[in-house]
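Each chain, letter by letter, is given below.
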Amino acid sequence: MPKKPMTKSDMITALAKSAGITKSKAEDVLASLIHTCCSEVQDGRPFKISGLGTFTLRSSAARKGVNPSTGETMDIPASKRMGFKASAAVASMLNPESKK
């Protein structure tokens, strides 16, 4: 059975506990981090957190798709999304057997 994902509320609680601050202050810090990250990426600037990874703006070209319910072809418009590339530290933490 898959594990329950960490929610924003869980993250605020963990941040408050580890930093020794109130949940309210932790919520403000997290909101500021999220806002700054999204603003930078939206403006086309990568947002790097050393030891975690880099968030970037990625673009998808317009393409044809198939509606799975009806089988009809449909046009999927071009779109932008946020991409993430984990740092080498995270990659080696997740895959300790691949260390050289």
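Because the structure is a prediction, the values reported are computed rather than measured.

### Remarks on the side chain of Ser60
Phase 1 of the analysis: Summarising the element assignment, Ser60 is placed in strand 2 (residues 53-60).
Phase 2 of the analysis: Here Ser60 falls in the buried class, since its relative accessible area comes to 19%.
Phase 3 of the analysis: Residues within four places of Ser60 in sequence aside, it is in contact with Ala78, Ser79 and Arg81.

### Here we look at helix 2 (residues 23-42)
Phase 1 of the analysis: The end-to-end C-alpha separation of helix 2 is 28 Å, in line with the 28 Å expected for 20 residues at 1.5 Å each.
Phase 2 of the analysis: Turning to helix 2, the residues buried within the fold contact helix 1 (8-19), strand 1 (47-49), strand 2 and strand 5 (79-86).
Phase 3 of the analysis: Note on helix 2: the residue one or two positions beyond its end, Gly44, has a positive phi of about 90°.

### Structural notes on the side chain of Ser87
Phase 1 of the analysis: Tracing the sequence through the fold places Ser87 in the loop between strand 5 and helix 3 (88-94).
Phase 2 of the analysis: Setting aside residues no more than four positions away along its own chain, Ser87 makes contact with Gly51, Leu52 and Gly53.

### Observations regarding the sheet that holds strand 2
Phase 1 of the analysis: Pairing in this open sheet of three strands is antiparallel, and the strands run 1-2-5 from one edge to the other. Every other strand in the sheet has two partners, leaving strand 1 and strand 5 as the edge strands with one partner each. Ignoring which end each strand starts from, the neighbouring axes of this sheet average 30° apart.
Phase 2 of the analysis: Where strand 1 and strand 2 come together, three bridges link them in antiparallel fashion. Across the sheet, residue Ile49 finds its bridge partner in strand 2, namely Gly53.
Phase 3 of the analysis: Packing against the sheet, helix 2 makes contact with strand 1, strand 2 and strand 5, and its axis sits at approximately 135° to strand 1.

Parameters and conventions
- Residues numbered from 1 in each chain as written.
- Predicted model: local features only at pLDDT ≥ 70, side-chain atom pairs only at ≥ 80, totals over all residues.
- Heavy atoms only, no water.
- Helix = DSSP H or I, 4+ residues; strand = E, 2+ residues; numbered from the N terminus.
- Buried < 20%, exposed > 50% of the residue type's maximum accessible area, 1.4 Å probe, protein only.
- Contact = heavy atoms within 4.5 Å.
- Expected span 1.5 Å × (residues − 1).
- Pairing = 2+ DSSP bridges.
- Axes fitted to C-alpha atoms, helices over the stretch in contact; angles between N-to-C directions.

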